[in-house]
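Report on the structure
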Amino acid sequence: MIGRLRGVLAEVGEETALIDVAGVGYVVRCGSRTLSRLPAIGDEALLHVETQWSEALGPRLYGFAGRDEQRAFVALQAIQGVGPKAALAVLDVLSPDELVHAVAREDKALVARAQGVGPKLAQRIIVELKDKPIGSGLSIAPHGPAPAAAPAAPSAAGEATAALMGLGVAEPAARRVVEQALARLGETAEIPAVIKAALQELGR
């Protein structure tokens with residue numbers, strides 16, 4: 001699971017950014033608000049990342065300039081009918097704190113400004129997010145979903161495997177070459193080195 005990326009900004013598209021981390025390019029889907037806050041091409045960029053997986057599309061990375069935006073993205077998707085595209089659209093027109101105020105005022109018209117979010121869905125968002133602050137220091141009310149436990153530190157094998165899968169390598173092949181890379185470098189090798197070595201194994 002990838003939770004954050006720090007690397008060189010290689011490309012910026014209409015909906016994506018390509019982040020080069022130690023020679024590995026990660027395609028990250030971002031809203032227009034996040035894309036507008038990225039540095040110049042060639043400069044270092046830092047994105048908080050929400051990693052999602054689907055059978056049809058495989059792994060997808062969604063990037064955010066701040067941790068609050070990432071948390072708001074997750075909270076929005078917990079609402080029926082709100083997928084990644086709609087969640088990003090809401091966060092394009094409202095910052096997490098602005099969304100908090102819109103929910104508090106029950107201003108569904110403001111939420112409905114988001115592309116693809118109609119009045120009914122906006123009303124559902126207002127109702128579902130009541131008592132669930134999503135500004136600074138996101139918290140979920142006791143009657144809502146329980147907060148996730150703090151994730152364990154990612155292993156080099158898991159991070160490297162996820163990175164290769166993000167580049168389109170099938171999971172069995174990704175695990176195999178990562179194991180081979182770790183056998184060469186040792187279990188204490190850093191993640192970027194493992195990824196590079198695994199890519200070399202793929203090219204053999």
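A few points on the structure. (Residues numbered from 1 in each chain as written. Predicted model: local features only at pLDDT ≥ 70, side-chain atom pairs only at ≥ 80, totals over all residues. Heavy atoms only, no water.)

1. Topic: the pattern of salt bridges
The following threshold applies: Take a side-chain nitrogen of Lys or Arg and a carboxyl oxygen of Asp or Glu: if they are within 4 Å of each other, that pair is a salt bridge. Every helix listed is a DSSP run of H or I at least four residues long, and every strand listed is a run of E at least two residues long, numbered separately from the N terminus. Burial here depends on accessible area, computed with a 1.4 Å probe over protein chains only, as a share of the maximum for the residue type. Under 20% is buried, over 50% is exposed, and the range in between is partly exposed.
Evaluation of the coordinates by the stated rule reveals four salt bridges. Two residues, glutamate 98 and arginine 33, come together in a salt bridge whose shortest N-O distance is 3.9 Å. With glutamate 98 in helix H4 (residues 96-104) and arginine 33 in helix H1 (residues 32-36), the pair connects residues that are 65 residues apart, well separated along the chain. With relative accessibility at 24%, the residue arginine 33 sits in the partly exposed group.

2. Digging into the sheet that holds strand E5 (residues 58-64)
Counted only if it meets this: A pair of strands counts as paired when DSSP detects no fewer than two bridges linking them. Simply put, an axis is a line fit to the C-alpha atoms, just over the touching stretch for a helix, and the angle between two N-to-C directions goes from 0 to 180 degrees. Whether two residues are in contact is decided by their heavy atoms: any pair within 4.5 Å suffices.
Within the closed barrel, the five strands sit side by side as E1-E2-E3-E5-E4. Their pairing is mixed. This sheet shows a mean twist of 55° between the axes of neighbouring strands, independent of strand direction. Relative to strand E4 (residues 44-54), strand E1 (residues 4-12) runs antiparallel, the two sharing five bridges. Looking across to E4, one finds that valine 8 is bridged to glutamate 44. Against the sheet, helix H2 (residues 67-77) engages E4 and E5, with an angle of about 15° to E4. Of the strands in this sheet, strand E3 (24-30), E4 and E5 touch helix H3 (residues 84-93), which is tilted by about 5° from E5.

The values are spatial; any link to function lies outside them.
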